[in-house]
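Residue-level structural notes
Listed here are the chains, written in short residue letters.
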Amino acid sequence: MKKLFIYFFTIAITFTAKAQTDFSGYLATAKTSYTSGKLEDAHFALQQAMQEIDMVVGKEVLKILPQKLNALNLNPKEDHVMANTSFIGATISRSYGADTSGAKIEIINNSPMITYLNSILNMPVLGGLMRDENNKTLKVQGYKARLEKQPNANNEKATYILNIPLNTALVTFTVKSSTEPEVMNYINGIPLQQIAKLVN
Amino acid sequence: MKKRTTAFALAATFLFMAAPGHAQLMKKLKDKVADATNKVINNKIDPNSDSQGNTTNTSSQPGNTSSGKPVNKGGAGLKNTPPPDVLQQMNDAETANKASNYTDARYSLQQALMGVELQLGRKVLLSLPATVNNLPKDSTQDLVSSSQWGWSNLTMQRVYKDGKDKQLTVTIGNNALYMGFVNMYFNNSMVQADASQQNVKHVKVKGNKSLIQYDDSKGYTLITPIGQTSMIVWECINFSDENEVMRAAENFDIDGIKKTLGEQ
C-alpha cells in the first residue's frame, strides 16, 4: 500500500513538473520571438501556453470532483481533458457507474450553448414558452439551471440532462435511467462554486 | 352589458333622426368635441400652456427634457486604450502560474495574445499600398480589431476612396459573412457547374484561387481565401468593370500578408 502511494505520488509530481516546464518553455519561446519581432511565432507559442493552462485547469477540476456519486463509482479510464485551439475552451469530462444507468459530467469552457441557455433562464417569456412536461428551469446550489427529461418508453425511469451555465463555462450533467430526486441528489455532490472559480 | 349598449345606440340614433334640426345639432356637437380634443392635445404637448393656449415660462429649465432627465451636452469621450503590454502580460502569466492562480494566468495570456494580434494587424495595414488605382487611402477608417484569441476574430480593414462615389474597402482576416459563400463555391461541384447566371465566377489573383461577384446594389466583391480560415475581401463600389477590380487587387502583396499572418 505504501509503495503504491509512493508510486502515484511520484507520477503526480512528475506530471505537475512537466506541465510547469512545458508552460515555462512555451512562454520563454513567446518572449524570445516577441522581442525579436517574430510576432506570428510569439502568437503560436502563446496559444500553446494557453492550451497548457487549460490542461492544468482541467486536471485541477477533475481533482475536486467526487470519487463517488452515492452508489455510482468513478470510471477513471473515462476521465478526459481536452484543450481546444478554437474559440471553444477546454472540455473536461468524467463518468460514474455503468454506461446504461450511470452519470456523466461534462464541462465546456466558452460553450456556444451559453447564450442560448442564458436567454432561456433569464427571460421569463422565453423560459415560459420553452417549458413543457419534459423541460423545466430550477436552481442548483444557487445557480439557475435547465433540466430536460428524456422519457424511456419501457420503464418509469428516464434520462435527465441538467445544463448549468457557470459564467462562460457550461456544465452538462447527464444521468441515465434515473429519477429527478436522484439526479438532484447526485448534482448536490458536485462542488459547482469551486469549479466556477477554476474555469472562469 | 352588450344588450344595454345596443339599446342605447338605437335610442340615440332614433332621437337624432327624429329631431327636425338634427343636422345643426350634429354640427354643434362636432364643434364641441373638436374644441375639447384640441385643448387636451395642446395641454399634453405643452403642460405649461393655460386654458387659452398661452404658454407660461415657470418651470422650463435649460438642458432638461420634459421628463426632467438632464440632456448630455458633451464630454471628453473615451481615451484610446493602448494595446496590452505583451511582455508585462507574459510576466504576469508566469507569476500567476507559479502561484497556481490559473484563472489569472489564463487572463494574462489572453491579453498578451490580443496585444500580439493587434500589432500583427497594424503591421499588415502598414504593408498595404497607399494608393490603389488612383484612389488614396482614408487612414481615418483604418481598423484593427481582435476580440478573442485565435485568428477567428482578428480583422483588419482599410478604405480607399476618391471622395466622390468611388470606393474600395479591403478587409483581411476571418470574415464570417463570406465564409459560407466561399465554402459553397469552392467545395460544392453542383454549384460550380451551374454557370447559367454569371453573377459569380472563379478567377485567380496573383495565382490565388478567388471568387468575383457582381451585384447592382453593392458593386463588385472579390474574395481570396488565404490559409485555413482567413480571407481578403475587396468590396468595390462604382468600378467600371471586373478588369478594374482585378487591377486594383493586384496592387496588394498577398504572399506578404500570408507570411505576416503565418498562413500557408
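Whatever comes next refers back to the structure up there.
The paragraphs below set out a description of the structure included in this document.

Conventions and cut-offs
- Residues numbered from 1 in each chain as written.
- Chains lettered and ligands numbered in written order.
- Predicted model: local features only at pLDDT ≥ 70, side-chain atom pairs only at ≥ 80, totals over all residues.
- Pairing = 2+ DSSP bridges.
- Helix = DSSP H or I, 4+ residues; strand = E, 2+ residues; numbered from the N terminus.
- Axes fitted to C-alpha atoms, helices over the stretch in contact; angles between N-to-C directions.
- Contact = placed C-beta atoms within 7 Å.
- Nonpolar A, V, L, I, M, F, W, Y, C, P; charged D, E, K, R; others polar.
- Parallel < 35°, antiparallel > 145°, perpendicular 65-115°, else oblique.
- Left-handed = near helix turned anticlockwise from the far one by under 90°.

Things to note about the sheet that holds strand 7 (residues 208-215) of chain B
All names here are of chain B. One open sheet accounts for 7 strands, arranged 3-4-5-9-8-7-6; its pairing is antiparallel. Strand pairing shows two members of the sheet lacking a second neighbour, strand 3 (143-146) and strand 6 (200-205), which therefore form its edges. Sheet twist, expressed as the mean angle between neighbouring strand axes with direction ignored, is 20°. The sheet contact formed by strand 4 (residues 154-161) and strand 5 (residues 167-173) spans 7 bridges and is antiparallel. Bridging across to strand 5, Val-159 finds its partner in Thr-169.

Structural notes on the interface of chain B and chain A
It is common to give the size of an interface as the accessible area lost on bringing the parts into contact. Taken residue by residue, the interface counts 25 residues in chain B and 24 residues in chain A. Those elements that provide at least two residues to the side of chain B that touches chain A are helix 3 (86-98), helix 4 (102-127) and helix 8 (254-261) of chain B. Broken down by element, the residue count for the side of chain B that touches chain A peaks at 12 residues, all from helix 4 of chain B. Residues that form the side of chain B that touches chain A fall into these classes: 13 nonpolar, 8 polar and 4 charged.

Digging into the packing of helix 4 of chain B against helix 8 of chain B
Relative orientation and spacing of two packed helices are given, respectively, by the angle between their axes and the distance between those axes. All names here are of chain B. It is at 10 Å that the axes of helix 4 and helix 8 come closest, and there the two elements cross at 165°. Between helix 4 and helix 8, the angle is such that the two are roughly antiparallel. Between helix 4 and helix 8 the crossing geometry is right-handed. In contact with Leu-120, Lys-123, Val-124 and Ser-127 of helix 4, helix 8 contributes Gly-256, Ile-257, Thr-260 and Leu-261. Taken together, the residues of the contact of helix 4 with helix 8 sort by class into 4 nonpolar, 3 polar and 1 charged.

Structural notes on the packing of helix 2 (residues 39-64) of chain A against helix 6 (residues 192-199) of chain A
Residues and elements named next belong to chain A. Where helix 2 meets helix 6, the axes come as close as 10 Å, and the angle between the chain directions of the two elements is 170°. With respect to helix 6, the axis of helix 2 lies roughly antiparallel. In contact with Val-57, Glu-60, Val-61 and Ile-64 of helix 2, helix 6 contributes Gln-194, Ile-195, Leu-198 and Val-199. Taken together, the residues of the contact of helix 2 with helix 6 sort by class into 6 nonpolar, 1 polar and 1 charged.

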